Each structure stands twice: as structure tokens, then as C-alpha cells.
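Fold and contact review
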Amino acid sequence: MADLTQEEWRAKLAEDDKAVILDVRTEEEIEEGAIPGAMHIDIYMGQGFLDEVDKLDKDKHYYIYCRSGNRSGQACALMNARGFEVTYNLMGGFNEWEGEVS
């Protein structure tokens, strides 16, 4: 896992052909907006979150965010423990996101 600033996140994402953006916020939080192209798995689903994560391709690179960067850091750690080698946490999360929003 690596913590990335917005600038680092955008730069890496732009050149990464294995990138997957993963939003781990709640449905209510997503209604406020999301980073375009993100898939959603709510980390608060507990075992359901792990079950969904286990269906993902471990060869991809996961760019993970939440509201503030805390839950996404936890998601990175959980995914790394399950065999995902490349996970990036967006520092500051969606609260500090200054890019495009859908």
C-alpha cells in the first residue's frame, strides 16, 4: 500500500493501464458525488466487503478512496492481506478531491 497525494494519484492513474478506482464509502456518501469510473464496494459491509473483494482481479492496480482517507487505508491493508499486491490510498479522500466528480 502507498498513500498518494491527489497529484501523485492523478499522475499514476493516467499512466496505469491496470488501474481500477475503488470507492469504499457508503451509498449515502456516494450520493454526494464520486470520482468518475469508480466501482463501489462499501467497506462497512464487513464480510460482504471481503466477499466482493475476493471476486476482483489481483493482477490489477487498485486506487482506493473513501471520505477522508481512513477507511480506504484500511481497505488497502485488507486487500494486501488477501494477496493484492498494488493498492494506493488517496490521502484526504473525497473530502479534499479537486478533480472531476460524477
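Report follows, based on the coordinates. Predicted model, so just to flag it, every value in this text is computed and none were measured.

Each value, and the rule that gives it
- Residues numbered from 1 in each chain as written.
- Predicted model: local features only at pLDDT ≥ 70, side-chain atom pairs only at ≥ 80, totals over all residues.
- Heavy atoms only, no water.
- Pairing = 2+ DSSP bridges.
- Helix = DSSP H or I, 4+ residues; strand = E, 2+ residues; numbered from the N terminus.
- Contact = heavy atoms within 4.5 Å.
- Axes fitted to C-alpha atoms, helices over the stretch in contact; angles between N-to-C directions.
- Core = buried A, V, L, I, M, F, W, Y, C linked by side-chain atoms within 4.5 Å.
- Buried < 20%, exposed > 50% of the residue type's maximum accessible area, 1.4 Å probe, protein only.
- Right-handed = clockwise from strand over helix to strand, strands pointing away.

With that settled, the discussion passes to the sheet that holds strand β5 (residues 87-90). Taken in spatial order, the 5 strands make up an open sheet running β1-β5-β4-β2-β3, and their pairing is parallel. If you trace the sheet from one side to the other, it starts and ends with β1 (2-4) and β3 (39-40), each paired once. Here β1 pairs with β5 via 3 bridges, running parallel. Within β5, the residue paired with Leu4 across the bridge is Leu90. Docked against the sheet, helix α4 (residues 70-81) engages β2 (19-23), β4 (61-65) and β5, running at close to 170° with respect to β5.

Grouped together as the largest cluster of nonpolar side chains are 16 residues, with contacts concentrated most on Val24, Phe49, Tyr62, Ile64 and Met79. Contributing elements (two or more residues each) for this core: β2, α3 (47-53), β4 and α4. Discounting residues that sit within four places of it in the chain, Val24 has contacts with Ile41, Asp42, Ile43, Phe49, Ile64, Tyr65, Cys66, Arg71, Ser72 and Ala75. Within the second largest apolar cluster, 11 residues are counted, among which are Trp9, Ala34, Tyr65 and Phe94.

With that out of the way, let us pick up the pairing of β4. With respect to burial, β4 is a largely interior element, 5 of its 5 residues being buried. Both faces of β4 are covered, namely the face carrying His61, Tyr63 and Tyr65 and the face carrying Tyr62 and Ile64. In this structure, β2 lies alongside β4, joined through 5 bridges in parallel fashion. For Val20, the partnering residue across the bridge sits in β4 and is Tyr62. Pairing between β4 and β5: 3 bridges, direction parallel. The partner of Tyr62 across the bridge, within β5, is Thr87. A crossover links β4 with its parallel partner β5, the connecting element being α4, and its sense is right-handed.

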